[in-house]
Structure formats: structure tokens, C-alpha cells
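The residues making up each chain are set out below.
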Amino acid sequence: MEKSLWLPSITMICLLLQACSASVTEPPAELIVLNGQVLTVDSEFSQAEAFAVRDGKFVAVGDNEDVNKFEGDQTRVIDAEGKTIVPGLIETHVHATGAARGETRQAFVQLGSIGEIQEWLRTEVAKTPEGDWIQLPRVDVTRIQEGRIPNRAELDEAAPEHPAVFNWQYANYQIQILNSAALKAAGITKDTPIPEGGAIPLGEDGEPTGRLENSGELIARFLERSEASDEEYLQSLEQLLGRYNEVGITSIFERGSNAAGYRDYVQLKEEDRLPVRATVTIRLDTDGTVDGTERAIAALPFQHGDGDDRVRVGPLKVRMDGGILYGTAHMREPYGEQAISFYGFDDPEHRGGAFFSEEELTNIFHTAHRLGWQMSSHVTGDAGVDTVLDAIEAANADLPDDDYRFTLIHAYFANQEAAERAARLGVAVDTQPAWFYKDGDALADVLGIDRLQKFIGVQEWRRAGVKVALNSDHMQGSGPNTSLNPYNPFLTMYAAVSRRTENGQMIGPYQRVSREDALRMMTVDAAWLSFDETRKGSIEVGKLGDFAILSDNLLTCDEERIKDIRSELTVVGGEVVYNSSEEDN
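Predicted model only: the values in this text are computed from it and were never measured. (Residues numbered from 1 in each chain as written. Predicted model: local features only at pLDDT ≥ 70, side-chain atom pairs only at ≥ 80, totals over all residues. Heavy atoms only, no water.)

**Here we look at helix 13 (residues 416–425)**
For step 1, the next point in the chain: For helix 13, every residue scored as buried is listed here: Ala418, Ala419, Arg421 and Ala422. Seen end-on, helix 13 carries its buried residues on one side only, within an arc spanning 165°. Every exposed residue of helix 13 that faces more than 90 degrees away from the buried side is listed here: Glu417 and Arg424.
For step 2, the next point in the chain: Buried residues along helix 13 sit in contact with helix 12 (382–395) and helix 16 (458–463).
For step 3, the next point in the chain: Where helix 13 terminates, the next one or two residues include glycine 426, which has phi positive at roughly 70°. (Buried < 20%, exposed > 50% of the residue type's maximum accessible area, 1.4 Å probe, protein only. Helix = DSSP H or I, 4+ residues; strand = E, 2+ residues; numbered from the N terminus. Arc of directions from axis to C-beta. Contact = heavy atoms within 4.5 Å.)

Below you can see the structure in the form of C-alpha cells.
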């Protein structure tokens, strides 16, 4: 009898608990997005209709019905009206601090021919006091229609009275072209002592041609400019980061900074002025010895990974070689006769050069990994990549079998052998398809079509299983398409998908990638480079609530329209950082 009375009591309790459970609802979300075509970029590249963000993270992803139950009185509800939504784009290579400071000194302008350079100079002459020096903006020779930088006579034609100087610098190599007024003002003659490591070429008349090589100290005093205040610089940086939001970028890698640069990002965060997430790469100043590397790392005021999801210390970075646009990338094969003429070298066997030996790189990588740091290396040429991979393998031979995630920055000339080695070593690649778009036409003439087939050969790396992140290396200018290196991520993806140059050439069509893979390389694969793939890079429950609503369908629009896509709404951690409708108003 007692047993029969007890059993119904249990049943009643269970029913009561179920009823209570059914009445419990999820805490409301701060933000809900409905009626979208959501490209989640999860492992299945699945699509959804809606999602909810609470406490800065995605708490639901599914259809409208799944997500509607997260709506509360204070929830902001956005109707996407069928538009494509992607995870917040991750730009893994910018020099935003340098670009922002540069804009406070002189706004960058892209000049595409000698005529445009002269016209810009004439405009400056008209508004510059007599005797004041005029500095021209940097223009890479591959971007100049004539395939060369201006000479003294061309500067004289546009500025006969004002001292004018064309500056061009890359890494440790600097060229300046002075007009006649500048030579006179600086007192540079055939008898001027040549700075160590520099050159002052003379013409057939025995007088200076106006070209200075690594001799900038002769005119440095004339080019000094008043620096912007700290606040003016921070305003410029804040504005530039806001421009990134306009094209859907929610995270960046500052790719060559220092302790001061890291503090700049922290200050913006603390003042609630930072509209992106920033991973800050730190340049490592070392002599290549174990002791020298230990001292350099010990002098840093932080450790790898310090910070939070808004600002974090990223890897260390060393420079292995120069750049292919300047004939200083370390290549397996000589550049060739036409390249020699283009770059102005004399040695027909010129292959570029390396700043560190394999032994020195091994010392650096081993020491850094032993001390708990992730490493990366600027390396553009294929011979440079070989040396870096050799050093990685040697450095890690007697270290624990950890996940170091070394990154090859640039790695422009892919090949199967290097790709397979990189995949085996767990090495990633950070590369810039927009350089192919902007410079491929000029480089095809200089280096030859055969060599350009694998230039920024994204698919070559991916076929071997290497994680690749697509980015811009933005360093000068403020516009997404008008900067020296455009940071428009949709131009970047277009170049990777189409393999077309700015003039419409398709070079190396077998290096094309799918639109889905291009998006992966700017989201979840990009997050992998900084060990963040479980926190961001896809629209999944538990990840940071970063996303962008696009102006066009990335997967189905005409291929040529990919580069014209923009973000209509960009959100970081559930907070709207850019809204095109507010801009229009």
C-alpha cells in the first residue's frame, strides 16, 4: 500500500519539474539579427537565418524561430532583409600606427605616372612659400606607368624654383631624387663627401645627377617636419581603424610594432576608442646570437599572449630579406636580364640577399620558442623561405613538440617542396593577393610570366595543407582602395578568386581559390594564426559576436563585383561600430 502511494508521488514531482523547466526561458540577448543569409564559416561552412548576441558572444545560431526566444524588452532586433552576413573579417597584416602617423604629416596620394607626379608637384608649388622644400609621396616603381621613378629634369620642369625631393625607401635601401633647386639648397656637388654605405652618382658632365643612394643624411635637416601631438596621432589612428570597420574588418594584426605601439592600442581601448580587436606583432631587434636574442626578449615589458580579446601581444618578428618590388627578395634563381635593367643592378647573377644566416635564424627561433614566444619572419623570396624553414626545423629539434604556429610573412613564390615542408612543420603563411592585382602586370614584364605563375600562389600552399591568411600589408594612406597597399578585403578576396591583375590579365589560373576558401582565409583561418580559432572567425555559439552585413552576396554575385562589396553594418562584440545608413544621413 505504501509503495503504490509513493510511486504516484514521484510521477507528480517529475511532471511538476518538467512544467517548471518548460517555463524557463533564456536570458534576453542584447542583439538579434533575423532574416539573413548567414555564412557561418563553421567546419561545414553551413548557412543560417538568424543569430543572437549576449554579453559580446553568439548565444544562438539557427533559424528565426530558434532565435526569437532570445528577444527581450531591451533587445535590439535587426532585420537583415535577406542580405549576406559574414563573420567579422580579420586583417592579419597592417601597419596602422605608421599609416596614421604618416597621415598627420602628409596625406598619401597614389600617383600612377610621371605626368601625375609632375602635376601633383605643380599644385604643391602653387601653395608652398618660396624656399620651402617639397617632399613627394612615396610611389613604388611598379605602380608608375613608365616603369621608373622620375629624374631630376622632370622634377625641374614641375618645380624650377622650389627644392623638391622624391623619396623612396624600403628596409635598408633608400633612394632620393633631388631637383636642381634642392641640390643647390643642400650644397651637394661633385666634391661632397659620400656618406658611408651611400652613393652620389655623377652624370656625363661630372656633376651629381640628383640621385642619392643611402645618403639621406645630406638633406635630413631640410626635411624635418613638426610632429603631431600625441592626441592628434591617436585621433588619426582611431579614424583609420574606423575606416577598417567600413569594409567589414573587426580584427587586425599590427604587423611590426614595439612596446609604445602596444601601449597606443591599450590607451585607445581604455578610453573606449578602439573599434577593432588588435593583435600586436613585436619587431625583435637582435644580432642573431643566443645571448643577443635573450637580452632583446628580456627587455620587453610583456610576454606573448598578454592582454585580452581586445588588445593582445602577438608574435615576435624578424626580417629575413627585402621585397620583390625592389629587387631585394632572396631568390633561388637570378632575377634575369630584364629585371637587372628594371631594378638598376649590375650583377647578372643577382638573387637578392639575406639579413640573417641560417645559423643566426636558428639561434633566434630556438631562443624565442624556448622563452615562450611565437615567432614570425618577413621573408619574400623562395630561397629566403628555404632558409627560414631550415632554421625552424633545426630550432625546434630539441624543444618540446608544441604548437608554435610560426608564420611566414609574404612568402611570395610558392612551390610544392616548400609548401609540404611548411605543412609538416605547422608553419602558416600571411600573404597579400592585392599585390598580385596591383603589381602583377609590371612584374610579369620584369620577372617573366613563368615566374609569375606562382607569385602569391595561395592554392599551392593550401594544397599542401598550410594555413593561409589573406591580407593587405596596409602601410600608407587611409582609403580602402586608394592606399599604397589597398586594405579593401573584398579586393583581396577578388584577386585570390580571379587571379586577374588590374589590367585584366589572368596569370596562374590554377592558383585560383573558391569564394568560400577566400572567406575562410580572412576569418577562421586568419584567427588560427594567433591561436584564436576557438574565439573568433566564425559565427558559432560561444564565439565573440563579430560580424558584418554585406552590400552584395559574396558567393553568388558576378565575380567582377566581388571587389566592390562593402559592409553595411559592422559589429564587434555585439556593438555596432559602423552603420552605412547613419553615414548616408
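**Quick word on the pattern of salt bridges**
Oppositely charged side chains can pair when the atoms bearing their charge come close.
For step 1, the next point in the chain: Inspection of every chain in the model, using the stated rule, returns 38 salt bridges.
For step 2, the next point in the chain: The salt bridge partner of lysine 438 is glutamate 502, with a shortest N-O separation of 3.3 Å. Highlighted residues: lysine 438 in helix 14 (residues 433–447) and glutamate 502 in the loop between helix 17 (489–498) and helix 18 (515–520), separated in sequence by 64 residues.
For step 3, the next point in the chain: Of the residues examined, lysine 438 reaches a relative accessible area of 16% and is grouped as buried.
For step 4, the next point in the chain: Here glutamate 540 makes a salt bridge to lysine 543, at a shortest N to O gap of 3.5 Å. (Salt bridge = Lys/Arg side-chain N within 4 Å of Asp/Glu carboxyl O.)

**A closer look at the pairing of strand 5 (residues 57–62)**
For step 1, the next point in the chain: Sheet topology places strand 4 (residues 50–54) next to strand 5; five bridges connect them, and they run antiparallel. In the sheet register, arginine 54 faces strand 5, and the bridge partner there is lysine 57. (Pairing = 2+ DSSP bridges.)

**Some words on the packing of helix 12 against helix 13**
For step 1, the next point in the chain: Interhelical geometry of helix 12 versus helix 13 gives an angle of 25° and a closest axis separation of 11 Å. By the angle between their directions, the pair helix 12 and helix 13 is classed as roughly parallel. Once helix 12 is placed against helix 13, the crossing between them reads as left-handed. Across the interface between the two elements, Val385, Asp386, Leu389, Asp390, Ile392 and Glu393 of helix 12 pack against Ala418, Arg421, Ala422, Arg424 and Leu425 of helix 13.
For step 2, the next point in the chain: Considered class by class, the residues forming the contact of helix 12 with helix 13 number six nonpolar, no polar and five charged. (Axes fitted to C-alpha atoms, helices over the stretch in contact; angles between N-to-C directions. Parallel < 35°, antiparallel > 145°, perpendicular 65-115°, else oblique. Left-handed = near helix turned anticlockwise from the far one by under 90°. Nonpolar A, V, L, I, M, F, W, Y, C, P; charged D, E, K, R; others polar.)

**Regarding the sheet that holds strand 18 (residues 428–431)**
For step 1, the next point in the chain: Taken together, eight strands build an open sheet; the order of strands is 8-13-14-15-16-17-18-19 and the sheet is parallel. In this open sheet, the two strands that pair with only one neighbour each are strand 8 (89–94) and strand 19 (468–470). Each adjacent strand pair in this sheet contributes to an overall mean axis angle of 25°, direction not counted.
For step 2, the next point in the chain: Pairing between strand 13 (residues 249–257) and strand 14 (residues 277–283): five bridges, direction parallel. Directly across from phenylalanine 253, in strand 14, lies its bridge partner threonine 279.
For step 3, the next point in the chain: Against the sheet, helix 8 (residues 259–270) contacts strand 13, strand 14 and strand 15 (311–319), and its axis sits at roughly 160° relative to strand 15.

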